[in-house]
Amino acid sequence: MNTAKERRDKTNYYLDLAETVSQRCTCLRRHYGAVIVKNDEVISTGYVGAPRGRKNCTDMGFCLREKMAIPRGERYELCRSVHAEANAIISAPRDKMIDATLYLVGRECSTGEYIQNAVCCSMCKRLVINAGIKTVIVRNDRDRYRTIDVADWVVHDESVEGVFGY
């Protein structure tokens, strides 16, 4: 009888790491974890939380965006937290991020379900682009994921498209 487990594929291994990192989140709405990897080496990790020294939503016991019923993807300037991708980028040297991959996992706090159609917000997209990260891989469920070519975010500039209706 063979009791050995099948070895986890490398992409899901890094997504599993990002999911573990997300367990440090202090957001009351959504938990995200990010891991930046280059040449099979973990460069940095990040999770959602207030800037160092400031109170987290978990400390305060409420989320302002939740109280104001702000939909996902809107009014991020009202959020107390630094996003997982931003925290990972802040903690990594830029030369190590050039052509790296960012692995991202998000879960809804209320249900524990994976966030459907999760993607970096527009602010984090800009950070990812400037960091030189080449690819973003986002978990859809325990074993499936989407791969995003960051160059597509440059070509399809949503800030211009939104303004000019392209």
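Quick look at the structure, then. Positions within a chain are numbered from 1, following the residues in the order the chain's sequence is written. The predicted nature of this model means local features are confined to residues of pLDDT at least 70 and side-chain atom pairs, given and counted, to a pLDDT of 80 or more, with totals for whole chains, interfaces and linings taken over all residues. The side-chain values count all of the structure's non-hydrogen atoms but skip hydrogen atoms and water molecules.

1. What about the side chain of Ser 81?
Selection criterion: By the criteria applied, helices consist of DSSP H or I runs no shorter than four residues and strands consist of E runs no shorter than two, each listed in order from the N terminus. Throughout, a residue-residue contact means that at least one pair of heavy atoms, one from each residue, lies within 4.5 Å.
Along the chain, Ser 81 falls in the loop between helix H3 (64-67) and helix H4 (84-90). Excluding residues that lie within four positions of it along the chain, Ser 81 makes contacts with Val 48, Gly 49 and Ala 50.

2. Some points on helix H1 (residues 10-22)
Filter applied, for reference: Take the number of residues in a helix, subtract one, and multiply by 1.5 Å to get its expected span. Exposure is judged per residue with a 1.4 Å probe applied to protein chains only, and the accessible area is read against the type maximum: over 50% gives exposed, under 20% gives buried, and values in between give partly exposed. The arc under discussion is defined with respect to the helix axis, by the directions toward the C-beta atoms. The definition of a polar contact used here is a pair of N or O atoms within 3.5 Å, where within protein one atom must be able to donate a hydrogen and the other to accept one, and adjacent residues in sequence count solely through side-chain atom pairs.
Its 13 residues place the ends of H1 19 Å apart at the C-alpha level, agreeing with the 18 Å of an ideal helix rising 1.5 Å per residue. Within H1, burial applies to Thr 11, Asn 12, Tyr 14, Leu 15, Ala 18, Glu 19, Val 21 and Ser 22. Mapping the buried residues of H1 onto a view down its axis gives an arc of 165°, with all of them on the same face. Capping the start of H1 is the job of one residue whose side-chain oxygen sits 3.3 Å from the backbone nitrogen of Thr 11: Asp 9.

3. Observations concerning the sheet that holds strand S1 (residues 30-38)
Which entries qualify depends on this criterion: At least two bridges found by DSSP between two strands is the condition for calling them paired. Between N-to-C directions, angles cover 0 to 180 degrees, with each direction set by a line fitted to C-alpha atoms, over the stretch in contact for helices.
As summarised here, the arrangement of the five strands in space is S2-S1-S3-S4-S5, forming an open sheet in which the pairing is mixed. Of all strands in the sheet, those with a lone pairing partner are strand S2 (41-47) and strand S5 (145-149), marking the two edges. Averaged over neighbouring strand pairs, the angle between their axes works out to 20° when direction is ignored. When S1 meets strand S3 (residues 101-108), the two strands line up antiparallel, connected through eight bridges. Across the sheet, Tyr 32 pairs through a bridge with Gly 106, a residue of S3. Here H1 sits on the sheet and contacts S1, S2, S3, strand S4 (135-139) and S5; the angle it forms with S1, its principal contact strand, is near 135°.

Note that every value here comes from positions in space, so none of it alone points to a role or purpose.
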